[in-house]
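Chain by chain, the residues:
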Amino acid sequence: AHAESVLNQDLNRVLWVTSHLREIGDISKAEELESKLLEQLEKTLSAPGISREKRIRALGDYQKIKRAQFIPESILKDKGEDAYKAEIERRQARYMDVINWAARLKDMYPEKKTAILMIQAEVRHLYANSFALMGDINRSLYEYESLLNEDVVDSNWKAFCKMKMALLHLKKGEDEKALYLYDRIVREHPTLPDWPACARFHRSEYYQTIGDMTKASEELQRIIGDYPSSVWSGIAKETLETLNAEK
């Protein structure tokens, strides 16, 4: 009865409850509540006679719950490498559930393709990142590039994917590929100043690691001059002051 009363609450409130249950280690109770919610939403997604708007709204709620289903790092960290890998694989399976439902709805409502894929985008990012968490950088890059190439993904998501790919290339030691992606962000996203500023900041950090302090400072100066309204402008000023003090 208690579970049913919780399920009648706002979804975000239910997710807060299940998150708290996970943090205190009551994974089974959290999964019980989430399973009941998912069952209700899957009926909405699959049942005949459901309106397009209600079905798409159900997909949005479905992906929120699937994203929330995880074992907290505070609990997982002491269980060893095999448990960590098993948890990541469980997350991947959940992400794929959302991706598959989105594909079905996209076929049902091609006129709503953009809205459906935007719901799916966050889960596809998590799916791509999950491979990096297990050390499979190449597969992670492949998944991010696949998301990047979706025509309906907005400019903000495209910049985000390029940034993630740049950081993954740096992990592989492929510095030139990372720098190329930073350049693309600067050139291709001028109307989103935080992204070019972020790319220049990462380039500054890269130049600092290889000892080219002149180029590192130039990147910071460009952030301050070109993107004064960006949140990165203040960070760039502080970093530049630190670099100058260390000369």
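Calculation criteria
Residues numbered from 1 in each chain as written. Predicted model: local features only at pLDDT ≥ 70, side-chain atom pairs only at ≥ 80, totals over all residues. Heavy atoms only, no water. Axes fitted to C-alpha atoms, helices over the stretch in contact; angles between N-to-C directions. Helix = DSSP H or I, 4+ residues; strand = E, 2+ residues; numbered from the N terminus. Parallel < 35°, antiparallel > 145°, perpendicular 65-115°, else oblique. Left-handed = near helix turned anticlockwise from the far one by under 90°. Contact = heavy atoms within 4.5 Å. Nonpolar A, V, L, I, M, F, W, Y, C, P; charged D, E, K, R; others polar. Expected span 1.5 Å × (residues − 1). Buried < 20%, exposed > 50% of the residue type's maximum accessible area, 1.4 Å probe, protein only. Arc of directions from axis to C-beta.

Caption draft 1: A look at the packing of helix α3 (residues 27-46) against helix α6 (residues 81-108). Put simply, α3 and α6 touch, their axes get as near as 12 Å, and they point 15 degrees apart. Taken together, the axes of α3 and α6 are roughly parallel relative to one another. Like other packed secondary-structure pairs, α3 and α6 cross with a definite hand, here left-handed. Contacts from Glu-31, Glu-42, Leu-45 and Ser-46 of α3 reach α6 at Arg-90, Arg-94, Trp-101 and Leu-105. Classifying every residue of the contact of α3 with α6 gives 3 nonpolar, 1 polar and 4 charged.

Caption draft 2: How the structure looks around helix α12 (residues 213-226). The first and last C-alpha atoms of α12 sit 20 Å apart over 14 residues, in line with the 20 Å expected at 1.5 Å per residue. Regarding α12, the residues found buried are Ala-216, Ser-217, Glu-219, Leu-220 and Ile-223. Viewed along the axis of α12, the buried residues span an arc of 155 degrees, placing them on a single side of the element. Turned more than 90 degrees away from the buried face of α12 sit Thr-214 and Gly-225, all of them exposed. Of the surrounding secondary structure, the elements contacted by the buried residues of α12 are α11 (194-209) and α13 (231-245).

Nothing here speaks to function; it is all geometry.
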